[in-house]
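Now for the letters of each chain:
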Amino acid sequence: NAGVTQTPKFQVLKTGQSMTLQCAQDMNHNSMYWYRQDPGMGLRLIYYSASEGTTDKGEVPNGYNVSRLNKREFSLRLESAAPSQTSVYFCASNHRGHSYEQYFGPGTRLTVT
Amino acid sequence: AQSVTQLGSHVSVSEGALVLLRCNYSSSVPPYLFWYVQYPNQGLQLLLKYTSAATLVKGINGFEAEFKKSETSFHLTKPSAHMSDAAEYFCAVTRREGGKLIFGQGTELSVKP
């Protein structure tokens, strides 16, 4: 089992460029999440997908879109990157009804110049 | 609304000393509580969780935490710190019926030789 995988690991964008962060899990989890981590602020939820075919906004959704492609994959898209989106992005998954512990990917470190 | 407060963004202990990382939560409903650890340039790994069974919860690497409802606390302890414990630690809370995690700001633990 690879668990939760994320690509790419690192990315540098210029302001206004777009990109998609990919996430996949092989644990047959029904729920998937995207967080951003900034110093002193912990992890903040951007979007989540409680089940295949549904997505909902989290705490900081502005500037992002998501797609739950299938049960395994959940992508995060930045349509027009801004310096304020410089952060480390984590994808996570869990199976609701099983204590709600989430399993995290290794993260994508994004810098927007 | 739920929230989590971690007291102290940075804690430094000597090797062999007691580790105490503080977490207080607010929740209008019985919560599930978690401690995660993040080693440098890695994702988050679950240390332990409280899901309404025993109030004293034992986790990996010798860590434990006690759920105290009267104090709305879930402090993390380890009797004897090891150099390998140096990392950032996050406390998180979720409602039992929903899978979204609310994270604290994180506490960076340093261990001095």
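In this report, we go over the structure that sits alongside the text.

The next subject is the pattern of salt bridges. Side chains bearing opposite charge may pair, as long as their charged atoms lie close to each other. Residue and element names in this part refer to chain A. Taken as a whole and assessed by the stated rule, the structure comprises six salt bridges over all chains. Here Asp38 ties to Arg36 by a salt bridge, and the two come within 2.8 Å at their closest N and O atoms. Across the pair, exposure class does not vary: Asp38 and Arg36 are buried alike. For Arg77, the salt bridge is made with Glu79, and the minimal N-O distance between the two is 3.2 Å. A residue is classified by how much of its surface remains accessible, and Arg77, at 29% relative accessible area, is partly exposed. A network of salt bridges, in which partner residues are shared, links Arg36, Asp38 and Arg44.

Another aspect to go through is the sheet that holds strand 7 (residues 64-68) of chain B. Either a parallel or an antiparallel arrangement is found when strands of a sheet pair, and the pairing is made through backbone hydrogen bonds. All names here are of chain B. Strand order in the open sheet formed by five strands is 1-3-8-7-6, and the pairing between neighbours is antiparallel. Looking at the sheet topology across the chains shown, the edges are occupied by strand 1 (3-7) and strand 6 (56-58). Direction aside, neighbouring strands of the sheet carry axes that sit 20° apart on average. By the bridge criterion, five bridges tie strand 1 to strand 3 (residues 19-26) in an arrangement that is antiparallel.

With that settled, consider the environment of Ala92 of chain B. Residues and elements named next belong to chain B. Here Ala92 lies in strand 9 (residues 87-95). When its relative accessible area of 0% is taken as the criterion, Ala92 is described as buried. Excluding residues within four positions of it along the chain, Ala92 makes contact with Val4, Tyr32, Leu33, Phe34, Leu101, Ile102 and Phe103.

What counts, and where the lines are drawn
- Residues numbered from 1 in each chain as written.
- Chains lettered and ligands numbered in written order.
- Predicted model: local features only at pLDDT ≥ 70, side-chain atom pairs only at ≥ 80, totals over all residues.
- Heavy atoms only, no water.
- Salt bridge = Lys/Arg side-chain N within 4 Å of Asp/Glu carboxyl O.
- Buried < 20%, exposed > 50% of the residue type's maximum accessible area, 1.4 Å probe, protein only.
- Pairing = 2+ DSSP bridges.
- Helix = DSSP H or I, 4+ residues; strand = E, 2+ residues; numbered from the N terminus.
- Axes fitted to C-alpha atoms, helices over the stretch in contact; angles between N-to-C directions.
- Contact = heavy atoms within 4.5 Å.

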